[in-house]
Each structure stands twice: as C-alpha cells, then as structure tokens.
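A closer look at the structure
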Amino acid sequence: MIKKALGHIYIKYFSANTRLERIWKIAQVDFKKRYYNDAFGLLWALINPLTQIALYYFVFTRVFQRDQENYALYLFCGILIWLAFSQASKMGSRVLITKKYLTENIQFDWIDLYSSHMISIFMGVAFNFLAYFVILLLTGAGIGSYFYIFPVVLITWYLLSASAAILLGLIRPIFDDIVHIWDIFTLVGFWVSGVFFSGQFYYENYPWFVHVNPFVGVILNTRAALLENNALYLPLLIENLIFGIVLYTVSVFLFRKFAKKVIEKV
Amino acid sequence: MDIAIEIKNLKKTFRLSNKNLSFTKRIWRLFDFSQDRRFEALKGINIDIKKGECLGIIGRNGSGKSTLLKLIIGAMEPDKGSVIKTKGKIIRLALGMGFDINLSARDNIYVNGTILGLTFKEIGDKFEEIIEFSELEDFIDTPIKFYSSGMRSRLSFAIALHADADIFLIDEFFGDVGDEMFKEKSQKAFEDSILKGKTIIHVSHSLDLIKEHCDRVMILNKGEATIFATPDEAIAAYKG
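Throughout what follows, the structure given in this document is the object of discussion. (Residues numbered from 1 in each chain as written. Chains lettered and ligands numbered in written order. Predicted model: local features only at pLDDT ≥ 70, side-chain atom pairs only at ≥ 80, totals over all residues.)

Bringing the overall build of chain A into the picture now. Tallying secondary structure elements over chain A gives 13 helices and zero strands in all. Computed over the C-alpha atoms, the radius of gyration of chain A is 19 Å, within 12% of the 18 Å expected from 2.2 N^0.38 for a compact globule of 266 residues. With the C-alpha coordinates of chain A rotated into their principal frame, the extents come out at 60 × 40 × 35 Å. Relative to its 266 residues, chain A shows a buried fraction of 38%. Across chain A, contacts joining residues at least 24 apart in sequence account for 76% of those joining residues at least 6 apart. (Helix = DSSP H or I, 4+ residues; strand = E, 2+ residues; numbered from the N terminus. Rg over C-alpha atoms; globule rule 2.2 N^0.38 Å. Buried ≥ 20, exposed ≤ 12 C-beta atoms within 10 Å, placed from the backbone. Contact = placed C-beta atoms within 7 Å.)

Below, the structure written as structure tokens:
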C-alpha cells in the first residue's frame, strides 16, 4: 500500500523532472537500504518509538503518578519529532562520506544529497504518523483543534533537521568526535525539548528557554495539531519557522562554500 | 574548433596530517595547520581541450593524474586557477567506482542515470540494453558487493556508454574491464560510440591504448605538465 502511494506521488509530481527524479531515487534507495534488508523491515521504524513510549508511559504514569489525559499519545508526538530530528542529523553527518562514490564521478548539485536524505527520513516519519493516527482512532482520542498548522510544523522540523544534518556533514570529516558530542546533545535535548513537559511548565518556570531551543515550540505545536486539548503557540511557531529558514539558508551557504574542501578529508 | 575544457594555472596542494598524534596535539591541530606536511599535487597546469578531442595523460604514480580529473569533474576545489567547461554532462570512469555496493545493479543504474541527467523514462528505455551489454542478466537484483571487479567494471562501462555524456574522464579504466571477449567488445563500443565525437581525457599506464586512441598526449611529472605532443613523440619522451 505504501509502495503504491509513493508510486502515485512520484507519477503526479516528479515524473520527467530530472532533478526531482534524482532526489526521489536517492531517497528511495536510502530508505530501502535502511529497512528492506532486515527481516522485520519497516517495522523497526515503528518498534523503536513504540518501545520508548511504552517505557516512558509506565515510568511517568505508574512510578511518578503523572495524571495527564491521553499521556501515551502526548508522548508519542514529542518522541516522534525528536527521534526523527536525532536520526536525520546523525545520519546526515555521514551523507558526504557515504555518497562519495557519486560526488567523485559525476557532476551534480551536491545539496540534492541532503534533500534526498531528508525525504528518506521523512518516509519513516510518515509511517510513524500513520501508526499514530491508527492509535488515535483506536483509543477514541480526538485530533487537535489546530490540525491545519501541522504542515507548517513539519516544514519547520524539516528546516531545522536539514540544517543540523548539513552542518554536521561539514564538520564530521574534519572532526569525527562531533558524533559523540552530538550524541550527548541529542540525549540532553530529548529531556529538555518538550517531550515530557507542557507549554505551561516552560512559560511558568523557564520562559526564556522556549526561545533558545526551537524544538520546544515544534513539539508543543505538534501536539496542538495532533492531539485534542493542547494549546497552540502561534508566535512561537512563527519564530521557529523564521529561525529555521535563516539557519537553513546559512547552512546551505556554508555547504556551498566548504563542501569541496571538506570532502578531501573523507 | 570550440574549446570543451579550458584549464588555467591549476594548482592543488594537499595537507597530510599525522593521525598518530597525542590528544592535546590533535585538539591543537584543529586550529593550527602550520605543522601539517604539504604535498603539491598540481603545480600550475594550463591546457585547452577541444571539443571531440581525445587527450591522453601519462605519468608515474603520484604525478597528479587522478587529482587533475577530480578537479575537472568538480569533486575538489583548486587552490588557484580554474577549470572552465562547456555545458554538458561529464562522467568519470574509474574501476569499481560510482556504485553503492549495498544496492543492486538495477538501483545503481537508476541512481547513476538520474545523476547523469536522464529521466526515469529514458533510463527505463535503456535499461535492457545496459544489462544486456554488461552481460549481467542473471544478477540484476543482486547487491553489487557480491560482484567480481570485472562485473562491476562491465556495469559501469555499460552505464557510461548509454548515459550519453558529453565529456568522458577515463581513469585507468580498461585495464581490468573483464575477460578478453568483453575487453574487445568494450573497446569496440568505446571506439564506435565514445571516441567518435565525444571529448575524452584518457589517463592510462597502457601506452598502447594511449597511442591508439589519443590525438594529443600530456606527460605529468610531479604535478607539472612537462610535454604536450603527438602520442608517438610523447611516448618516446616518456620512455626515454
């Protein structure tokens, strides 16, 4: 079914445009490589977040006695967004290394490799969100009142994740330790980026932090879009989107300036 | 005749870093490059390559031949100088290169094809010919990592042949292109389809191939172009 849907998207939007076809093809084979060779294939994309959700759900509702409506779905939104960012950025740090076989032999715009990378990550995210909606239906919980903002949230996520992937991709060939630093960063980020806490918590205790960490806004607004009774933070969403656009522009500029120098180190 | 590639004062130096440094020295090296050894791979190359010309490049290992090709294709940036190219597709043919070994021949054909600027439809139209030419009919969906080096070379040659690129950079390619029969077939296809009308830069240690295919030959010696001459003259000078 997924293959059929992807095929339909391709025919409608990508057919006969060589650049889009290239981005699509590389994304498709990356996705295939990531999941199809494993016995459980795409299920792994689901098993990882579901296990984490089950674990944190148990800890927070049973151990810490947290009383929050639809807490599993509440966690699902945040964990999905953060894991996707973490995966996009960490795997993105290797794009120039793994695709050297192409950059050395054929001329093309290398930034396409990152577009493909992000699309391949997004395919996994889309699968996860599909699972989210199935659970939403099964549990009878309602969708958020601000569902229409979800595309903007996703664009913001894309811009922030792609920027991190591009910048890490530039740093990693010259400073391999960045992977370990980034692991620590994403671990800390997981706990402070709104996965477990409400907007009210941040605005009452650390109002400055929502402006420092754009993922707080992305996660809070994902919940506003996908789960009932969650508040919308529109100014924060606009702020995050503008930050994402600026960061992405800077990342692409730096990539165009330094990518060829960096790849010599690979 | 029109110029296909114009190379002006092309210089490239590599920094060779020592990996066996202590922790503090490795950190310091991130900010201070002055202690790295430097290797001048190319020392100011100037050359115009005409459209449809086949330029041979010969030289000893480490003379800068592959670096020059990587600079032409844009996989590296020069320290100084420039490479000006006419519009058109450029492909570098080198042994076992251009493939993701975890992907099948089918996927690699599509990935390479789209990067070369072919649409899915064009690739689909040429797919059977590519597979037939490379004689890999029974291994289309086998990951490349299970291929022998000869099979990989056959596939990359078949893709390049059908990709309809305008400029070919051939980097020691024909040495291990498969068995004798395929070698003959590929050389014939090379002469019929690529040599006629395409611009070629052919790097090889095989002086016979250089003599047979090239219009002009450049000798590279320690990053410097020492001689531009006809194949016979250049080969005689190289041997002498």
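Our focus in this paragraph is the overall build of chain B. Of the regular secondary structure elements, chain B holds eight helices and nine strands. Put simply, 75% of the contacts in chain B that link residues at least 6 apart link residues at least 24 apart.

Turning our attention to helix α4 (residues 120–134) of chain B. In a regular helix each residue adds 1.5 Å, so 15 residues correspond to 21 Å; α4 of chain B covers 20 Å between its end C-alpha atoms and thus fits that length. The sharpest bend along α4 of chain B measures roughly 45° and falls at Lys126 of chain B. Buried within α4 of chain B are the following residues: Phe120, Ile123, Lys126, Ile130, Phe133 and Ser134 of chain B. Looking at the buried side of α4 of chain B, the elements it contacts are α2 (18–35) of chain A together with α3 (105–115) and α5 (149–163) of chain B. The first or second residue beyond α4 of chain B is Glu135 of chain B, which carries a positive phi of 60°. (Expected span 1.5 Å × (residues − 1). Bend = angle between axes of the 7 residues up to and from the residue.)

Owing to its 3.6 residues per turn, the α-helix brings residues three or four apart onto one side. Here helix α4 (residues 71–92) of chain A spans 31 Å end to end across 22 residues, near enough to the 32 Å set by a 1.5 Å rise per residue. Counting buried residues in α4 of chain A gives 16 out of 22 residues, a clear majority hidden from the surface.

Turning our eyes to something else, we now look at the interface of chain A and chain B. If you look at the interface, chain A gives 21 residues, while chain B gives 29 residues. Among the secondary structure elements, those contributing two or more residues to the side of chain A that touches chain B are α2, α6 (100–103) and α13 (234–263) of chain A. Broken down by element, the residue count for the side of chain A that touches chain B peaks at seven residues, all from α2 of chain A. Split by residue class, the side of chain A that touches chain B holds eight nonpolar, five polar and eight charged. (Nonpolar A, V, L, I, M, F, W, Y, C, P; charged D, E, K, R; others polar.)

Residues and elements named next belong to chain B. Of all five residues in strand β5 (residues 90–94), four are buried, a share of seventy percent or more. Here β5 pairs with strand β6 (residues 167–171) via five bridges, running parallel. Of the residues in β6, the one forming a bridge with Arg92 is Leu169. (Pairing = 2+ DSSP bridges.)

What follows covers the environment of Phe147 of chain A. Along the polypeptide, Phe147 of chain A turns up in the loop between α7 (111–139) and α8 (150–171). It is 27 Å that separates the C-alpha atoms of Phe147 of chain A and Ala27 of chain A, two residues lying 120 residues apart in sequence.

This next bit is on the nonpolar core. Formed by 129 residues in total, the largest nonpolar core has its most connected members in Phe168 and Leu169 of chain B. With 13 residues, α4 of chain A is the single largest residue contributor to this core. Those residues in contact with Phe168 of chain B that lie beyond four places of it in its chain are Ile91, Leu93, Ala160, Ile194, Lys198 and Ile200 of chain B. (Core = buried A, V, L, I, M, F, W, Y, C linked by C-beta atoms within 7 Å.)

Before going further, it helps to spend a moment on unusual backbone geometry. The phi dihedral of Asn229 of chain A falls on the positive side, at around 65°, and the residue is not glycine. Inspection of the secondary structure assignment puts Asn229 of chain A in the loop between α12 (214–226) and α13. Residue class for Asn229 of chain A comes out partly exposed when judged on the 13 C-beta atoms lying within 10 Å of it. In this structure, Glu135 of chain B is a non-glycine residue whose phi angle is positive, near 60°. Overall, the presence of 17 C-beta atoms within 10 Å leaves Glu135 of chain B in the partly exposed class.

As a further point, take the sheet that holds strand β3 (residues 54–58) of chain B. All names here are of chain B. What the six strands build is an open sheet, ordered β5-β6-β7-β3-β8-β9; its pairing is mixed. Single-partner strands in this sheet number two, and they are β5 and β9 (224–229). Neighbour to neighbour, the strand axes of the sheet diverge by 20° on average, direction disregarded. Note: β3 against strand β8 (residues 216–221), four bridges, orientation parallel. (Axes fitted to C-alpha atoms, helices over the stretch in contact; angles between N-to-C directions.)

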